[in-house]
Amino acid sequence: MSVLFTSISENNPVQRDDAQRLVQHLGVTIEPDEVDDFHTLLAAVHDCAEDIANLPDYQPIPDLERYPRENIRRPSEEEQVFGHAWAHKFLIKGNPDGGPLAGKSVTLKDVIAVAGVPQFMGSDVAPPWTPSTDATVVTRVLDAGADIVGTSTCENLCHTTSSFTSAQGTVENPYAPGYSSGGSTSGGAALVGGGLVDITIGGDQGGSIRVPAAFSGCVGLKATYGLVPFSGIASGDAMIDHTGPLGRTVLDTALCLDAISGYDGMDDRCLGSPEHGSTSFAKTLQQEPTRLDGFKIAILTEGFEHSAVDPAVKKSVMGAARRFEELGATIEEVSCPDHLHGPAIWTIQQRIAGTQNLLGQAHGRRGLGLTEMERGRLPWTNEAFQRAFPATKNVIINGLYLTSKFPDLYSKTVNIGRKMRDSYEAIFEKYDIVIMPTTPVVAPRNGKRGLPLESVKPSSGLTINTAIFNITGHPAISIPVGFAPAKDNPDVRLPVGMQIVGGLWQESKILRAGHAWQTHFDWKETQAADID
């Protein structure tokens, strides 16, 4: 303690009444005889902070000689596709010696740090920031031989599952212009679903990989919490952060998962994960039989019978699930009542932790700090707040209210979340996988920014089957299994996603099931009307 206050600098800016002003918003005061001492202590901690601020940062240094960035640019309107799917275009050529992803083109959600590439995070609340480091997943896909061809548009600060909220422009569904591609990994899903790139790496805090995969007709994988390092990726809430691949096939997602998984020495989410390079998900898929004899599959009652699930989506997914019986699997219906509490638990947890993150108050984790990003977006100003999308404003308002009125609620959501995890683990003691619709509806029409309720309505209810697995940490994959009519136009046919969920660290099972389905059945030839 003495080191802090024995050498206060002469030009220290802390004023005598600063400590008093800082605690006033808590409804407390500093006693008059303590004011001078707390001034001294606050001035001392300011000098300590100045000393740290002047130290050089310690971020991984990307190998720009091996992996140079070529032709970084904001795409012109002529270069844009599916509305505004691209954030930036560039080329980083992968490992010249090849690798498991050699020949694959990859894009990155515009929250994943790429040194030298400006990042919007789908917002104009603050100017774009330019990272000085590469996220772990960037280095790993390059080492695996893939070429990174750009960053793809994401939704405004990743706060919706729509695809019209990005300040950089609306993203259109690759199967029907005017409809959502899903979010918040909106641009990447459109690029993959539309066949322009092989793989996108996205982020998923409540369904932001799986929802756009379902809407855009591609495969989206959220692995077990902590299997893939989140280092160098903008966080929503460290307890629910996941990153992972979207691809056109389960095999491609497995190849990418092998490339990017495993502890990186930074992200403490990954302390329990396998050593990087030790997994063989793709090789196993290629070697195992594509039949599923002896496989036990559970159909989740709550996932299908929720009132928000469109009958055509239910019919399509149930029919797709029943086709596993043709491959030798047995299927039974199961119930997990805790599943219905998932959206509410997720909402409270995300609002509180999300607010702390937006206000720069998240803490308690070991990992890679994106210091340039924090300097660029903080502190909040009224001008920035007014530019924020209504969903972001709502997170801040909700979070401040919940922390002031329900001080124990965040801790309770953590406890109940563990109960949900245990409920599912009990199911996985008997069943290999659990199946349900990824989203309750096919892609809705793109909305528009207006008053708050109008702005957030297009995303409402889309994560009733996805968000719970961000809380429990279970691996989940969405695969396309057919088409169903748009809600507003029966002549428009849009992709339907089936979510396959597995036990913790049981990625091999959900990949095997998804790969088997894709090997034997063509989802583009399956219509909801085909299923009795």
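Computed from a predicted structure; not experimentally measured.

Procedures and definitions
Residues numbered from 1 in each chain as written. Predicted model: local features only at pLDDT ≥ 70, side-chain atom pairs only at ≥ 80, totals over all residues. Heavy atoms only, no water. UniProt positions renumbered as here; feature names shortened; annotations may be inferred. Helix = DSSP H or I, 4+ residues; strand = E, 2+ residues; numbered from the N terminus. Salt bridge = Lys/Arg side-chain N within 4 Å of Asp/Glu carboxyl O. Buried < 20%, exposed > 50% of the residue type's maximum accessible area, 1.4 Å probe, protein only. Expected span 1.5 Å × (residues − 1). Arc of directions from axis to C-beta. Contact = heavy atoms within 4.5 Å. Phe/Tyr/Trp six-rings, centres within 6.5 Å; stacked < 30°, edge-to-face > 60°. Lys NZ or Arg CZ within 6 Å of the ring centre and 35° of its normal.

Asks: Help me understand the UniProt feature "domain: Amidase" (unreviewed entry) in the chain, please; the structure alone is not making it clear to me.
Replies: Here, the residues flagged by UniProt with the feature "domain: Amidase" (unreviewed entry) are residues 95-511. From the first C-alpha to the last, residues 95-511 spans 26 Å; its make-up is 33% helix and 18% strand.

Asks: I would appreciate a short explanation of the pattern of salt bridges in the present structure.
Replies: Where charged atoms of side chains with opposite charge meet at close range, the side chains can pair. Inspection of the entire model under this criterion finds 21 salt bridges. A salt bridge links Glu-79 to Arg-73, with the nearest nitrogen and oxygen atoms 2.7 Å apart. Note that Asp-432 is salt-bridged to Lys-509, the shortest N-O span being 3.0 Å. Within this pair, whereas Asp-432 is found in the loop between α15 (409-428) and β12 (433-437), its partner Lys-509 is found in helix α18 (residues 507-520), the two being separated by 77 residues in sequence. On the accessibility criterion, Asp-432 (15% relative accessible area) is buried. Looking at Lys-509, the relative accessible area reads 25%, which means it is partly exposed. By sharing partners, the salt bridges in this structure join Asp-241, Asp-267 and Arg-269 into a single network.

Asks: What is the right way to read α15 from this model?
Replies: Given 3.6 residues per turn, any residue in an α-helix points the same way as the ones three and four places further on. The first and last C-alpha atoms of α15 sit 29 Å apart over 20 residues, in line with the 28 Å expected at 1.5 Å per residue. Turning to α15, its buried residues number three or more, namely Thr-413, Gly-417, Met-420, Tyr-424, Ile-427 and Phe-428. Projected onto a plane normal to the axis of α15, the buried residues spread over an arc of 95 degrees and lie on a single side. Buried residues belonging to α15 abut β10 (296-300), α11 (342-358), β12, α17 (468-472) and β14 (489-502).

Asks: Would you mind showing me how to read the packing of aromatic side chains here?
Replies: What characterises a pair of aromatic rings is the spacing of the ring centres plus the angle enclosed by the ring planes. Tallied over the entire structure, the rule returns 9 aromatic pairs. Here the aromatic rings of Tyr-175 and Trp-523 are separated by 5.9 Å at their centres, their planes lie at 70 degrees, and the arrangement is edge-to-face. Residue Tyr-175 is found in the loop between β5 (172-173) and β6 (176-180), and its partner Trp-523 is found in the segment after α18; the two are separated by 348 residues along the sequence. The exposure class assigned to Tyr-175 is partly exposed, which follows from its relative accessible area of 26%. Summarising the aromatic geometry, the rings of Trp-380 and Phe-385 are spaced 6.4 Å apart at their centres and angled 70 degrees between planes, so their arrangement reads as edge-to-face. By relative accessible area, which is 22% here, Trp-380 ends up partly exposed. One aromatic cluster in this structure is built from Tyr-175, Phe-483 and Trp-523. Sitting over the face of the ring of Trp-86, Lys-89 holds its NZ or CZ atom 4.8 Å from the ring centroid. A cation sits over an aromatic face here: Lys-393 above Phe-385, 5.5 Å from the ring centre.

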